[in-house]
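# A look at the structure
Chain by chain, the residues:
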Amino acid sequence: MSAISRREFVKSASTYAAAAGFLSAGVLELHANPLGLPIGCQTWPVRDMIAKDFPGTIKVLADAGFQMVELCSPVGYADSGFAGLAKYSGTELRKILSDAGVGCISSHFGITELRENQERAIAWAKDVGLTQMLVPSLDGPKNPTMDDVKRAADEYNKMAERAAKAGIQQGLHNEDFELSMVDGKRTYDVLFGLLDPKLVKFQFQVSTISKGYDAAEYFTKYPGRFISMHVQGWSAEAKTVMPVGQDSLDWKKIFSAAKTGGIKNYFVEMDFEKMKASVPYLRKLQV
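## Things to note about the confidence of the model for the chain
In this model, the chain carries an average pLDDT of 91, and 89% of its residues clear a pLDDT of 70 or more. This model gives residues 1-31 a pLDDT under 50, and the stretch forms twelve contacts once residues within four places in sequence are excluded.

What follows is the structure, encoded as structure tokens:
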């Protein structure tokens, strides 16, 4: 609705009640969802569905209430159910998503595929309409030396510089190597000091609370260094992943700290039923 038509609409006495209802709904919509961000989900948990029917799966996710998805590269994740995406061009993928009313600005890529052909990965990302390229891990050794960590960080800084020239923000998830220790410190923390804050942003895996990595703590400790997070509910008592809102985590605290961290989008990542069960809580959560 244009600004002019809105004014005319509100001025009309005969439609005052309708206008009041419309504006109230608009206010609620503005404050719906934490941080006013679209509710997103990672496609990894539904990879088996995607392997059979990508357009149908996107529709299922949209019907479940997800407004944004994060993909996985058909090259780097070919063995995990995403190889079939290669039959679509990037622009065709963009249209499938758009037709379902689902946004997509982020995808995961394997570090190996970026080593082998980052130019191809960037071209695909641009065609799909991505602005963020994430890697799950820098893939260093389980018990790294400081030199190992420095080499991994140096390599990724160079990759991120090439991506930045193409208008893409490179990001790093925290799995495996990032959760190791080096010289008595968490490798993850060391990487914050080695990776260029302008070139590399971080994506936080909330379920790493099970290993002592607290989302709110990291968002506060490293302001502006994050771009997104993978959201999982966690039961401290049962020691298991739970739907968001049915767990023991303080989500208001996490999302409030996410503002400081710099979070621009988030993706629920659990099995489909848990993801779907998380949507009502996220719709109502105001931060």
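## Thoughts on the sheet that holds strand 3 (residues 103-108)
Ordered by their spatial adjacency, eight strands build a closed barrel running 1-2-3-4-5-8-9-12, and the pairing between neighbours is parallel. If you compare each strand with its neighbour and ignore which way they point, the axes differ by 30° on average. As defined by bridge partners, strand 1 (residues 40-42) adjoins strand 2 (residues 68-72) across three bridges and the pair is classed as parallel. By the bridge assignment, Gly40 is partnered in strand 2 with Met68. Sheet strands in contact with helix 8 (residues 187-194) are strand 5 (169-172), strand 8 (200-205) and strand 9 (226-231), and its direction is about 160° off that of strand 8.

## Some words on the pairing of strand 4 (residues 132-135)
Burial of the side chains of strand 4 extends over both faces: Gln132 and Leu134 are buried on one face and Met133 and Val135 on the other. Two elements, strand 3 and strand 4, share three bridges in a ladder whose sense is parallel. Residue pairing across strands places Ser107 opposite Met133, the latter belonging to strand 4. In the classification by handedness, the crossover that spans strand 3, the intervening helix 6 (residues 111-128) and the parallel strand 4 is right-handed. Relative to strand 5, strand 4 runs parallel, the two sharing four bridges. When the sheet's bridge partners are listed, Met133 is paired in strand 5 with Gln170. Crossover handedness for the path strand 4 to helix 7 (residues 146-165) to strand 5: right-handed.

Quick notes on the rules
Residues numbered from 1 in each chain as written. Predicted model: local features only at pLDDT ≥ 70, side-chain atom pairs only at ≥ 80, totals over all residues. Heavy atoms only, no water. pLDDT = per-residue confidence, 0-100. Contact = heavy atoms within 4.5 Å. Pairing = 2+ DSSP bridges. Helix = DSSP H or I, 4+ residues; strand = E, 2+ residues; numbered from the N terminus. Axes fitted to C-alpha atoms, helices over the stretch in contact; angles between N-to-C directions. Buried < 20%, exposed > 50% of the residue type's maximum accessible area, 1.4 Å probe, protein only. Right-handed = clockwise from strand over helix to strand, strands pointing away.

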